[in-house]
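# Structural overview
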Amino acid sequence: MEKEEKEKGKGGRRKKMRFAIGGSKMKLLFITSNEHKVREIRDLALKMNANIEIEHLRVAYPEIQHEDIEFVAESSAKFIRKEGLVGEEEPFFIEDSGLFIHALNGFPGAFSSYVFKKIGNEGILKLLRGVEDRRALFKSVVAFSPKGFVVKTFVGVVEGRIASEIRGSAGFGFDPIFEFGGRTFAEMSVAEKNAVSHRGRAFRKFLNFILSSASMREVD
Ligand code: ITT
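What comes next is a walk through the structure.

About the criteria used
- Residues numbered from 1 in each chain as written.
- Predicted model: local features only at pLDDT ≥ 70, side-chain atom pairs only at ≥ 80, totals over all residues.
- Heavy atoms only, no water.
- 1 Å grid on protein atoms, 1.4 Å probe; cavity = no way out; pocket = protein on both sides within 12 Å on 5 of 7 lines; lining within 4 Å.
- Points joined across faces, edges and corners; volume = space filled by probe spheres on them.
- Helix = DSSP H or I, 4+ residues; strand = E, 2+ residues; numbered from the N terminus.
- Nonpolar A, V, L, I, M, F, W, Y, C, P; charged D, E, K, R; others polar.
- Near = heavy atom within 4 Å.
- Polar contact = N/O pair within 3.5 Å; in protein donor to acceptor, adjacent residues only side chain to side chain.
- Expected span 1.5 Å × (residues − 1).
- Bend = angle between axes of the 7 residues up to and from the residue.
- Buried < 20%, exposed > 50% of the residue type's maximum accessible area, 1.4 Å probe, protein only.
- Contact = heavy atoms within 4.5 Å.
- Salt bridge = Lys/Arg side-chain N within 4 Å of Asp/Glu carboxyl O.

## Remarks on the layout of surface pockets
Each pocket or cavity is described by its volume, and for the largest pocket that value is around 830 Å³. Ser33, Asn34, Lys37, Glu63 and Ser113 are the residues nearest the centre of the largest pocket, which is lined by 34 residues in total. Elements with a minimum of two residues in the lining of the largest pocket: helix 2 (69–82), strand 5 (92–101), helix 3 (112–127) and helix 5 (198–216). In terms of residue class, the lining of the largest pocket is made up of 14 nonpolar, 11 polar and 9 charged.

Shown next as structure tokens:
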């Protein structure tokens, strides 16, 4: 598999050849500081039989503070390019996610990472003590940059509720308090969580895009 190559078309016009499929695995670079995300995404790629290898790269970059996680993800991807943290022609993706709690007007949302570090699951349960409306959703945005400053985003959402207590020991972050279908994400295996989760939904869209680009082969 070649990441990208240029080839001369019949009329001498240069055509871009993207993601030409060969026998070997396609490598996709995933930039994140979160090992759990890598584990989930590797499992997803494997389950989709996509012949894609997820290469993990840990590079530090500042995350802008903004309510819209799609905007955050896109800006971060552009920043990574601008600073030359990956090669100019090297395709990569990042993923930004957040927990949005209905009764708290969508808090912590884009600030989930900070809030989790500050108050954890116990803090969220305290904020919701006595609150009947437990509706919440997780949102995930995959931002893929094939090259240069081009960025394409893929969004996944899962609606659930905040449990009344911490349950389960798998997963990470808010998994032990996020309930879907009667179980928390921390009571599910990686595969069970991926089947319904925000990240699973966003990543399947992303992989389908990659695979269809590969099968089309020629892109103008
Ligand atoms: P990056 O380096 O990829 O940014 P991160 O952990 O900082 O890793 P985010 O900025 O996307 O990730 O922060 C999202 C936070 O929301 C994350 O730290 C968790 O606390 C929480 N979160 C996101 N997805 C989750 C999931 O699937 N299960 C539980 N908590 C999740």
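## Let's talk about the site of the ligand
Close contacts around the ligand come from 19 residues, with Thr32, Ser33, Lys37, Asp175 and Lys193 the closest. The contact in question runs from an oxygen atom of the ligand to an N or O atom on the side chain of Glu63, over 3.3 Å. For the ligand, an oxygen atom lies 3.2 Å from a polar atom in the side chain of His198. Counting residues per element, the ones that place at least two in the shell around the ligand are strand 5, helix 3 and helix 5. When the residues that make up the shell around the ligand are grouped by side-chain class, the tally is 4 nonpolar, 8 polar and 7 charged.

## Some details on helix 3
For an α-helix the count is 3.6 residues per turn, leaving residues at separations of three or four pointing the same way. The end-to-end C-alpha distance of helix 3 is 14 Å, clearly below the 22 Å that 16 residues give at a rise of 1.5 Å each. Most pronounced at Ile119, the bend in helix 3 amounts to some 90°. For helix 3, the full list of buried residues reads Ser112, Val115, Gly120, Asn121, Gly123, Ile124 and Leu125. On its buried face, helix 3 sits against strand 5, strand 6 (107–109) and strand 8 (152–162).

## A look at the pattern of salt bridges
Per the stated rule, a full pass over the model turns up 15 salt bridges. Arg199 serves as the salt-bridge partner of Glu95, at 2.9 Å between the closest nitrogen and oxygen. Taken together, the residues Glu95 in strand 5 and Arg199 in helix 5 connect sequence positions 104 residues apart. You'll find Glu95 and Arg199 in the same group, each marked buried. Three or more residues joined by partner-sharing salt bridges are found here, namely Lys37, Glu40, Glu95, Asp175, Lys193 and Arg199.

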